[in-house]
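# Observations on the three-dimensional arrangement
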Amino acid sequence: MQQSLRLLFETFRRTGSATATVKVFRRQGLQFPRRPHTGPHQGELVWGELGHSQTLRVLHNPRYTGAFVFGRSQTRRKLEGGHTVKWLPREEWGIVIRDAHTGYLSWEEYEANLQRLRTSAQAQGAERRHSPAREGPALLQGLVICGHCGNRMTVRYHVRRSHLEPNYVCQRFGVEHAQPICQTAPGAGIDQAVGELLVEVVTPLALEVALACNRNCRRELRKRIAFAERCYRHVDPANRLVADALEADWDQKLRALAEAQQDYERQRQADRSLLSEEDRARILTLATDFPRLWRDARTPDRERKRMVRLLLEDVTVLRDHREITLHLRFKGGAHKTLRLAFPPNAWQQRATRPEVVTEVDRMLDHNTDREVATLLNQGGWRSGEGRTFTRRIVARIRHNHGLKSRYTRLREAGLLTLREMAHRLGLSAPWVKIWRDQGLLKAHPYNDRTSACTKTQVRIRHARCRA
């Protein structure tokens, strides 16, 4: 039993999702213990499959931290019979005694688990702007907001060049009211731009500036309070109007100081981390580790998503026919706007690059289609689809871009076919071939046709000779 409970908490700590925890148990064929409160097996230990509701009950129960808690719920009887159970917030619990017995996890980890569950539950509400990091390469899954209607955008995946790529889709109204999809934004370029921005933002210099600003703000507040105190103490008592004004100013500064102290007490852990030199060093070290972890190919997609959630509150996407605008809202209130050129369509991405077309045009002056394909492959060139070149691909490029064929180029250069040359010289075709073999005439191939004859005979059969 203890091993099953420990495994449940360890699995949830690793996956961050109650549903994922249930899937792990089911995939491995593991059972979980429970004690029924009713029925023929009431009070007995029963083993069965772990359910989602059972997982939530265990994660919400503070008893597994070693604490004794009384008053978590209120039971009320209904007039028509039966009763209702109302779960109370933590501040209304009657008795809480921590470390009353040995537990499976600490109270801090228990609270962290509840926070994870609350974040997951937000994905089921009306806003649906947050959800736990899951599988898949969509970096901003759960964080993207439509710039047109304000709804949360979902993720659709498609395969492109053997890679899984996301699209962010605003389809809530389309599904509920049979309306067209609000907008769709290709996710690959958006994720790349956001990732580069985060690596650029999380730098030692940026964090050092932030820490310095925090110190300067506190120093400035202390200076203003000290200045108001000096003015109040040095005022001439005979000048009561000035004294009253300075006293009011001094009271205002004292109220500001009291509010700042209350803020400090409420957030003392965060403030203490900023004031601790050891923790400041850890923060600056994080700025060095973050780019390395982000660019490491072994870092799982889920971990990258979790890092994004530590830095970003949400990302609003607005698309038009020319560009995609991203409004990023960071944790703490900072804002950043990015404008991305709209990515090319699928056919545009498969189109041959202009430099390849130029190279093919140059090579056709001296080579056939098959020879051009061989030379391009030797030079490391690839087609628009990333494949090696063939005679058919070169012919298609020539046709699609209106390039002159090898035959047309030779004719424009004044060369003649075998029969035309024989007629011009008053010889038979075999004698023209003999003259070519003797070096008196030079032949040039203009296509890649093959037959049962040898390569030399093919070149003669389709030769064109300069007069």
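So, how was this worked out
Residues numbered from 1 in each chain as written. Predicted model: local features only at pLDDT ≥ 70, side-chain atom pairs only at ≥ 80, totals over all residues. Heavy atoms only, no water. pLDDT = per-residue confidence, 0-100. Helix = DSSP H or I, 4+ residues; strand = E, 2+ residues; numbered from the N terminus. Contact = heavy atoms within 4.5 Å. Buried < 20%, exposed > 50% of the residue type's maximum accessible area, 1.4 Å probe, protein only. Pairing = 2+ DSSP bridges. Axes fitted to C-alpha atoms, helices over the stretch in contact; angles between N-to-C directions. Phe/Tyr/Trp six-rings, centres within 6.5 Å; stacked < 30°, edge-to-face > 60°. Expected span 1.5 Å × (residues − 1). Polar contact = N/O pair within 3.5 Å; in protein donor to acceptor, adjacent residues only side chain to side chain. Salt bridge = Lys/Arg side-chain N within 4 Å of Asp/Glu carboxyl O. 1 Å grid on protein atoms, 1.4 Å probe; cavity = no way out; pocket = protein on both sides within 12 Å on 5 of 7 lines; lining within 4 Å. Points joined across faces, edges and corners; volume = space filled by probe spheres on them. Nonpolar A, V, L, I, M, F, W, Y, C, P; charged D, E, K, R; others polar. Core = buried A, V, L, I, M, F, W, Y, C linked by side-chain atoms within 4.5 Å.

Before going further, it helps to examine the confidence of the model for the protein chain. Per-residue confidence for the protein chain gives a mean pLDDT of 78, with 72% of residues at or over 70. No element of the protein chain has a lower mean pLDDT than helix α19 (residues 455-461), which averages 36, and none a higher one than helix α1 (residues 2-15), which averages 93. Predicted confidence is poor over residues 450-467, with pLDDT under 50, and the contacts of this stretch with residues over four places away or in other chains come to 49 contacts.

Every second residue of strand β10 (residues 183-186) is oriented toward a common face, the buried set being Gln183 and Ala185 and the non-buried set Thr184 and Pro186. Pairing geometry for strand β9 (residues 163-170) and β10, over four bridges, is antiparallel. Bridge pairing in β10 places valine 169 opposite threonine 184.

Okay, the pairing of strand β13 (residues 335-341) next. Relative to β13, strand β12 (residues 323-330) is paired through seven bridges, and the arrangement is antiparallel. By the bridge assignment, leucine 328 is partnered in β13 with lysine 336. A loop of four residues connects β12 with β13, the two strands running antiparallel in sequence, and glycine 332 in this loop sits at a positive phi of about 105 degrees.

Strand order across the open sheet formed by three strands is β8-β9-β10, with antiparallel pairing between neighbours. The two strands at the open ends of the sheet, each matched to only one other strand, are β8 (154-160) and β10. Each adjacent strand pair in this sheet contributes to an overall mean axis angle of 30 degrees, direction not counted. Sitting on the sheet, helix α6 (residues 187-201) is in contact with β9 and β10, with an inclination near 95 degrees to β9.

Summed over the entire model, instances satisfying the criterion amount to six aromatic pairs. Centroid distance tyrosine 407 to tyrosine 446: 5.1 Å. Interplanar angle 65 degrees. Geometry classified as edge-to-face. Placement of the pair is tyrosine 407 in helix α16 (residues 406-412) and tyrosine 446 in the loop between α18 (429-437) and α19, with a sequence separation of 39 residues. Site record: aromatic cluster; members linked through ring pairs are Phe9, Tyr64 and Tyr104.

The next thing to look at is α6. Along its 15 residues, α6 runs 21 Å from first to last C-alpha, staying within 8% of the 21 Å computed at 1.5 Å per residue. Along α6, the residues that are buried comprise Gly187, Ile190, Asp191, Ala193, Val194, Gly195, Leu197, Leu198 and Val199.

Take helix α2 (residues 18-27) next. Along α2, the positions that sit buried rather than exposed are Ala18, Ala20, Thr21, Val22, Val24 and Phe25. Regarding α2, its N-cap is serine 17, as a side-chain oxygen of that residue lies 3.3 Å from the backbone nitrogen of threonine 19 further along. Of the residues flanking the end of α2, it is glycine 29, one or two places downstream, whose phi is positive at about 70 degrees.

This part covers the pattern of salt bridges. Side chains carrying opposite charge are able to pair once their charged atoms draw close together. By the definition in use, this model includes 17 salt bridges. Arginine 26 is the partner of glutamate 49 in a salt bridge, and the nearest nitrogen-oxygen pair spans 3.3 Å. In this pair, glutamate 49 is assigned in strand β2 (residues 46-49) and arginine 26 in helix α2, connecting sequence segments 23 residues apart. Note on accessibility: glutamate 49 and arginine 26 belong to one class, exposed. The salt bridge involving lysine 331 is made with glutamate 313; its shortest N-O contact spans 3.2 Å. Pair noted here: lysine 331 is in the loop between β12 and β13 and glutamate 313 is in strand β11 (residues 312-319), with a separation of 18 residues, a long-range link. Linked by salt bridges that have partners in common, Asp361, Asp365 and Arg409 make up one network.

What follows deals with the layout of surface pockets. By volume, the largest pocket amounts to about 1,200 Å³. When contributions to the lining of the largest pocket are tallied by element, the ones reaching two or more residues are α1, β1 (31-34), α3 (52-60), β3 (68-70) and α4 (107-121). Ranked by the residues each element gives to the lining of the largest pocket, the list is headed by α3, at five residues. Split by residue class, the lining of the largest pocket holds 21 nonpolar, seven polar and seven charged.

Right, let's get into the side chain of arginine 302. Structurally, arginine 302 is set in helix α11 (residues 301-311). Looking at arginine 302, its side chain comes within polar contact range of the main-chain oxygen of threonine 15, at 3.4 Å.

Another aspect to go through is the nonpolar core. Grouped burial of nonpolar side chains is what soluble globular proteins tend to show. Counting residues in each nonpolar core, the largest one holds 30 residues, and the members touching the most others are Leu140, Ile190, Leu312, Val317, Leu326 and Leu328. Looking at this core, the elements that each hand over two or more residues are β7 (144-146), β9, α6, α10 (277-295), α11, β11, β12 and β13. Top contributing element to this core by residue count: α6, with six residues. Discounting chain neighbours no more than four positions away, the residues touching isoleucine 190 are Leu140, Tyr168, Ala185, Val317, Ile324, Leu326 and Leu340. Residues Phe25, Phe32, Trp107 and Leu117 belong to the second largest nonpolar core, which totals 20 residues.

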